[in-house]
Amino acid sequence: MPCLLITWAFSKLERRDGVAGGNDLFVVHARRDNTALRLTSRDEIEAGEVIAEFVPPANETQLAVKDIQQAQAQAKKEVVRAQPLPIDQGLVQRELQIRTQITQAEGFLLELQKFRNEIERARAALLTEWTREKTRIEGEIAATEKFLAAALSQLEIARSALQQASDSFKKQIITQPVYDARRSNLINAEREVDGQRVALSSLKSRSEALEDQFRRSDAALAQQLVQIGENNARFSASLEEYKAQLAETERLLNDDRARARALVAREIEAADLETSIAAAEKDRAIETTQLKAPFSGHVVFRHPTPGLAADGAPVLALSSGTGFLARVRLTRAEADKLAAHGQPVPLMLDHSVLRNVITATFVRVDPVPLVKDQVIALLECTLPAEVVAGLGNSNEPIKVRLLWRPSLLENTGAQASAALALFGLLGGMFSGSRARQEAQPDVVSEAPSSTADQVKAGDDATAPGESIEVEEKTSRIVDIRSRKTLVQHHGGLVPKDSVTGLLDRDQFLTIAESEVRVASEAGTSLTILIVRINQLRETNAFYGRKVGDEVLKDLADVCRGSRERDITARWTGEEFVVLLPETDLAGAAIVADRLRLKAKHLQVGDLPHMQNSISVGMAQVLSGETTVLQALERAAQDRQADEDDDGMQTASVTA
């Protein structure tokens, strides 16, 4: 029974610790030296899609300068194209004079045509007005004649009535008033006849005057049209003569221009080349402001206020899966039971501040190099935003603790302890003479101790004074990223590069070969960066080699201080190499981005205006490769690419 209690206590107290990180995680970090940060609002991202855009003030100025340079080159091209060829200036002046005469003649013809149209419109209006007025007067004459005929008829009637009234008055048949009335009617009829005759005479006079005025106005307009026709014929003849002269002059000029076009074509070609260079540099500057997704996936973390994030803080994280994997060392038997469990298991974050409990799903197991019956269980998990921020700000993974443990009845030690306890109980019952004793069976723990990965170099011997760190038996903490770099294991090696203090080419290749072997045995990723100072030769030529050496030293410090576990060496006069253990291409891209950010702020003495640029290429050591030489060739090709979606990126460096 005590053995069962001991086994139960050991199972309960046994820590199943590990680490959580994001090997397939791509993190975008804030940059406080930028005026704007635009993050994608999409959750599902395609490879090559722009997910963030940084707009630093210096880049805005650089883009404006490139626009000015491009405009200047284009203007130069236009000036070259528009400038006069080395031809006979007399012909040029003659051509200009003839063209001016043609323009004037065409202008005169246009004005004459306009004048003709106006006169024709005036003549038509005159005819219309004359016709309308004549028709109206003729109508009034006809009406007046009718009124006159009626008035004459009334006059005859009035005269007859007055004659009858006079006879009747003499015979005293009618009275004086009746006679006076008949006389008054006669007077009125005579007045009406006189008035109609006067009106008729006036209307006929108006009609004659209107006819006379129309004839005179129409004759004047017709005379103007005749003069316009004569002028039009004269200017048309002059225009044809000018055009013939212009055709002859242009033929002579074309013959003369043909002799000078070759020289102008060369100047235009040079201007086109300058425009293309300015456009390419502008495109490169725009490309440096954009951050593209290296793979397809979805956003697993988004900063709530990216504009207020601290410098270097993560603002967006992209992953092809959930983004995070936990690695926990277990015995192979426990790993098999965990795989058969088939349900999400709890993980607790082992952090100084955060103690969140998260869930994880079993993915697969990886073997532990040089340790028998021990495996690394990989569990897919989702980390809180605070932990993602911690991963972005630190090079170290987050430690986790697996809270799941196999059932006590399934534990081999527990089963052995139960069998021994039963055997002891039966022995006590049969002997009867022995006092009850506490069974002390030997329990073999299934948690063998393991050693840290031992790095071999040369004859597989460690440097003097270097000790091998041994884990405690109850600890299963697996943190491959926290191991020391090969340079630290080879403490006896002394860098030979006199300028930068870094490893030289031979030492780097020796250490890198060992690192490739270790990565192959552990099944981890290994990536190499090649960093080149693009304008180092120009800096040496312009400022002197002393300033160039200072630039080399400063950039060497930047590369050396990228991460503690990385291995840095000087490869050529203006190139460095950085070996990144346990790092895939996505992680290498993050390291390269940080190198550019740090290199951007480099300054040498009192020369803040001096500018250089670095280019970074990267490549991963493939399975089956025993050295880094092939990866170095791929990284060099990646660095030299002009257009790069998954390779070279360039940043401005203030030296």
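Criteria and thresholds
Residues numbered from 1 in each chain as written. Predicted model: local features only at pLDDT ≥ 70, side-chain atom pairs only at ≥ 80, totals over all residues. Heavy atoms only, no water. Axes fitted to C-alpha atoms, helices over the stretch in contact; angles between N-to-C directions. Helix = DSSP H or I, 4+ residues; strand = E, 2+ residues; numbered from the N terminus. Parallel < 35°, antiparallel > 145°, perpendicular 65-115°, else oblique. Nonpolar A, V, L, I, M, F, W, Y, C, P; charged D, E, K, R; others polar. Core = buried A, V, L, I, M, F, W, Y, C linked by side-chain atoms within 4.5 Å. Buried < 20%, exposed > 50% of the residue type's maximum accessible area, 1.4 Å probe, protein only. Phe/Tyr/Trp six-rings, centres within 6.5 Å; stacked < 30°, edge-to-face > 60°. Lys NZ or Arg CZ within 6 Å of the ring centre and 35° of its normal. Pairing = 2+ DSSP bridges. Salt bridge = Lys/Arg side-chain N within 4 Å of Asp/Glu carboxyl O.

Engineer: I'm lost on the packing of helix α3 (residues 89–170) against helix α4 (residues 176–257) in this one. Help?
Structural biologist: Any two packed helices are characterised by the angle at which their axes cross and by the distance between the axes. Where α3 meets α4, the axes come as close as 5 Å, and the angle between the chain directions of the two elements is 170°. By the angle between their axes, α3 is roughly antiparallel relative to α4. Across the contact of α3 with α4, the residue classes tally to 45 nonpolar, 16 polar and 25 charged.

Engineer: Help me out: how do you make sense of the nonpolar core in this one?
Structural biologist: Within soluble globular proteins, side chains that are nonpolar generally end up buried alongside one another. In this structure, F26, V28, L529, L555 and F576 are the most contacted members of the largest nonpolar core, which totals 41 residues. Secondary structure elements with two or more residues in this core: β2 (25–29), β5 (50–55), β8 (314–319), β14 (526–533), α12 (545–560), β16 (575–581), α13 (585–599) and β17 (611–620). Per element, the largest residue contribution to this core is 7 residues, and it comes from α13. The next biggest cluster of nonpolar side chains, apart from the first, holds 20 residues, and it includes A512, V516, I530 and A619.

Engineer: Can you walk me through the packing of aromatic side chains in this structure?
Structural biologist: Aromatic ring pairs are defined here through the distance separating the ring centres and the angle between the ring planes. The final tally for this structure, using the stated rule, is 4 aromatic pairs. Judged by centre distance (5.3 Å) and plane angle (25°), the rings of F169 and Y179 are stacked. One end of the pair, F169, is in helix α3; the other, Y179, is in helix α4, and 10 residues separate them in sequence. Residue classification places F169 among the partly exposed positions, given a relative accessible area of 30%. Centre to centre, the rings of F508 and W571 are 6.2 Å apart; their planes meet at 75°, and the pair counts as edge-to-face. Linking F508 in helix α10 (residues 505–522) with W571 in strand β15 (residues 567–572), this pair joins segments that are 63 residues apart in sequence. Just as F508 is buried, W571 falls in that class too. Against the face of F235 rests R234, its NZ or CZ located 5.5 Å from the ring centre. The aromatic ring of W571 is capped on one face by R505, whose charged end is 4.0 Å from the ring centroid.

Engineer: I tried to follow the pairing of β8 on my own but got confused; where do I start?
Structural biologist: In summary, the side chains of a regular strand alternate between the two faces of the sheet. Taking burial as the measure, the 6 residues of β8 include 6 buried ones, the bulk of the element. Across 4 bridges, strand β7 (residues 297–302) lies against β8 in antiparallel orientation. In the sheet register, H298 faces β8, and the bridge partner there is S319.

Engineer: Is there a simple way to explain unusual backbone geometry in this structure?
Structural biologist: Glycine aside, a negative phi is what most residues show, and trans is what most peptide bonds show. Non-glycine residue Q172 carries a positive phi angle of around 60°. Looking at the secondary structure, you find Q172 in the loop between α3 and α4. Residue Q172 is classed as exposed on the basis of its relative accessible area, which comes to 72%. Here the phi dihedral of E582 falls at roughly 50°; this positive angle occurs in a residue that is not glycine. Counting through the fold element by element, E582 comes out in the loop between β16 and α13.

Engineer: Any chance you could explain the pattern of salt bridges here in plain terms?
Structural biologist: Side chains carrying opposite charge are able to pair once their charged atoms draw close together. Scanning the entire structure with this criterion turns up 27 salt bridges. Across the salt bridge formed by E211 and R215, the nearest N and O atoms sit 3.0 Å from each other. Taken together, the residues E211 and R215, both in helix α4 and 4 residues apart, mark about one turn of the helix. What makes E211 buried here is its relative accessible area of 18%. E625 is the partner of R634 in a salt bridge, and the nearest nitrogen-oxygen pair spans 3.0 Å. Here E625 falls in the buried class, since its relative accessible area comes to 15%. A single salt-bridge network, built from bridges that share partners, covers E133, R136, E140 and R206.

By themselves, these observations are geometric and do not establish any function.
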